[in-house]
Each structure stands twice: as C-alpha cells, then as structure tokens.
Amino acid sequence: MLARLLRPKHVASAHCDLPCGIYDPAQARIEAESVKAIMEKYAGNEDPVFRSRALTIKEERAELVKHHLWVLWTDYFKPPHLETYPQLHQLFWEATKLAGAAGGKGTVDVAKADELLGKIDEISKIFWETKAA
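Residues numbered from 1 in each chain as written. Predicted model: local features only at pLDDT ≥ 70, side-chain atom pairs only at ≥ 80, totals over all residues. Heavy atoms only, no water.

### Section: the overall build of the chain
Spelled out, the test is: Strands are runs of DSSP state E lasting at least two residues, helices are runs of H or I lasting at least four, and both sets are numbered from the N terminus onward. Only protein chains enter the accessibility calculation, which uses a 1.4 Å probe; a residue whose area is less than 20% of its type maximum is buried, one above 50% is exposed, and one in between is partly exposed. Residues are treated as being in contact if the distance between any of their heavy atoms lies within 4.5 Å.
Along the chain, the regular secondary structure elements total 6 helices and 0 strands. Taken from the N to the C terminus, the helices and strands of the chain come in the order α-α-α-α-α-α. Here the chain holds 133 residues, and the buried ones make up 32% of them. Counting contacts in the chain only where the partners sit at least 6 residues apart, residues at least 24 apart contribute 73% of the total.

Set out below in structure tokens:
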C-alpha cells in the first residue's frame, strides 16, 4: 500500500537535465576566443613577466573551454542526437583535445586556437539544429 501511495502519478522525461535554455555553446566559444586573444598578445610582447601571466590565464581559459564542452557533451546531448549526428563523438573528442594539452593549454599557436573555434562552430551548428527540432 505504501509503495502505491509513493509511486509518481505522472512520469516526465526531458532531453536535458533542466528546462531548456541553460545550455549554450557560446560559453565555450567565449573562452576559446579569450585563449586565442591571449596567444596573440603573448606573441606581441617580449616581457617575461607578462608572458608568464598570459600563459597562466590562457591555460585557465582553455580549461574552461573543456568544461563547457563537457557539460554540453555529458548533460545536453543524448543518444537520439547521436543517431542523427554520428560525428558528435569525434567532434567533441577533437574539440576537447584542441582545448587541452594538444592545443589551447599546450601551445601558443594561434592556428590551434582557430581550429578549436572551428570545432566549436560545428558543435554549435548541431546544437542549434537539435534545439530547433
């Protein structure tokens, strides 16, 4: 009898953890743009103190890129999205690698930052297509 009383009267499902509107790839993009800007400033300044500080901030921002991408990957995208967009696994893997030691955190190569921004643009396009569905 107690189990019957505690059983939910309605079952609800959602494609994300909270009502839509909390996820947005723009957060990752903003941090990735910061990484790129810091790389450019680093290249244009020979002061070792400035460069050291720039590297520290760049690595923090790159870590935030990874965080925002992982939140999208683990909390927003679901198995039905993979059916429609089978490239998502590879795309997120490449983007987080470009934000990590192979890119944003491990280099001051602006071309790597541009690659990262390109991957984020691809993710964003898919994200907005899924939101419109």
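### What to know about helix 2 (residues 26–43)
Selection criterion: Here a helix's expected span is defined as the number of its residues, less one, multiplied by 1.5 Å.
The first and last C-alpha atoms of helix 2 sit 26 Å apart over 18 residues, in line with the 26 Å expected at 1.5 Å per residue. As for helix 2, its buried residues are in contact with helix 3 (48–76) and helix 6 (110–132).

### Things to note about the packing of aromatic side chains
Quick reminder of the rule: Two aromatic rings, drawn from Phe, Tyr or Trp (for Trp, its six-membered ring), form a pair once their centres lie within 6.5 Å of each other, and the interplanar angle then sorts them: stacked below 30 degrees, edge-to-face above 60, tilted otherwise.
Summed over all chains, the structure comprises 8 aromatic pairs. Ring geometry for Tyr23 against Tyr76: centres 5.9 Å apart, planes inclined by 55 degrees, an arrangement best described as tilted. Placement of Tyr23 in the loop between helix 1 (2–6) and helix 2 and of Tyr76 in helix 3 is noted, with a sequence separation of 53 residues between them. Between Phe77 and Phe127, the ring centres sit 6.5 Å apart and the planes meet at 80 degrees, which makes this aromatic pair edge-to-face. You can see Phe77 sitting in the loop between helix 3 and helix 4 (79–84) and its partner Phe127 sitting in helix 6, a full 50 residues away along the chain. The exposure class of Phe77 is buried, given its relative accessible area of 6%. One aromatic cluster is present, formed by Tyr23, Trp73, Tyr76, Phe77, Phe92, Phe127 and Trp128 through successive ring pairs.

### Structural notes on the side chain of Glu31
The topology assignment puts Glu31 in helix 2. Take Glu31: its relative accessible area is 13%, and that puts it in the buried class. In this view, Glu31 contacts Arg61, Leu64, Val65 and His68; residues no more than four positions away in its chain are not counted.

### Topic: the packing of helix 3 against helix 5 (residues 88–99)
Here is the rule we go by: Orientation is described by axes fitted as lines to C-alpha atoms, over the contacting stretch for helices, and by angles from 0 to 180 degrees between their N-to-C directions. We call two directions roughly parallel when the angle between them is under 35 degrees, roughly antiparallel when it is over 145, roughly perpendicular when it lies between 65 and 115, and oblique otherwise. Handedness of a crossing follows from how the near helix is turned relative to the far one, being left-handed for an anticlockwise turn of less than a right angle and right-handed for a clockwise one. Amino acids outside the nonpolar list (Ala, Val, Leu, Ile, Met, Phe, Trp, Tyr, Cys, Pro) and the charged list (Asp, Glu, Lys, Arg) are all regarded as polar, and Gly is one of them.
Relative orientation of the contacting elements helix 3 and helix 5 amounts to 165 degrees, with a least axis distance of 8 Å. For the element pair helix 3 / helix 5, the angle class is roughly antiparallel. Between helix 3 and helix 5 lies a crossing of left-handed hand. Facing Ala62, Val65, Lys66, Leu69, Trp70, Leu72 and Trp73 of helix 3, the residues of helix 5 in contact are Leu88, His89, Phe92, Ala95, Thr96 and Ala99. Within the contact of helix 3 with helix 5, the residues separate by chemical class into 10 nonpolar, 2 polar and 1 charged.

### Thoughts on the environment of Ile123
Mapped onto the elements of the fold, Ile123 is located in helix 6. What makes Ile123 buried here is its relative accessible area of 0%. A sequence separation of 35 residues divides Ile123 from Leu88, and the C-alpha atoms of the two residues are 7.8 Å apart. Ignoring any residue separated from it by four or fewer positions in sequence, one finds Ile123 in contact with Leu69, Leu72, Phe77, Leu91, Phe92 and Ala95.

### Structural notes on the nonpolar core
In plain terms, the rule: Only buried residues count toward a nonpolar core. Its members are Ala, Val, Leu, Ile, Met, Phe, Trp, Tyr and Cys residues joined through side-chain atoms within 4.5 Å.
In this structure, Leu69, Leu72, Phe77, Leu116 and Ile123 are the most contacted members of the largest nonpolar core, which totals 21 residues. Breaking this core down by element, the ones donating at least two residues are helix 2, helix 3, helix 5 and helix 6.

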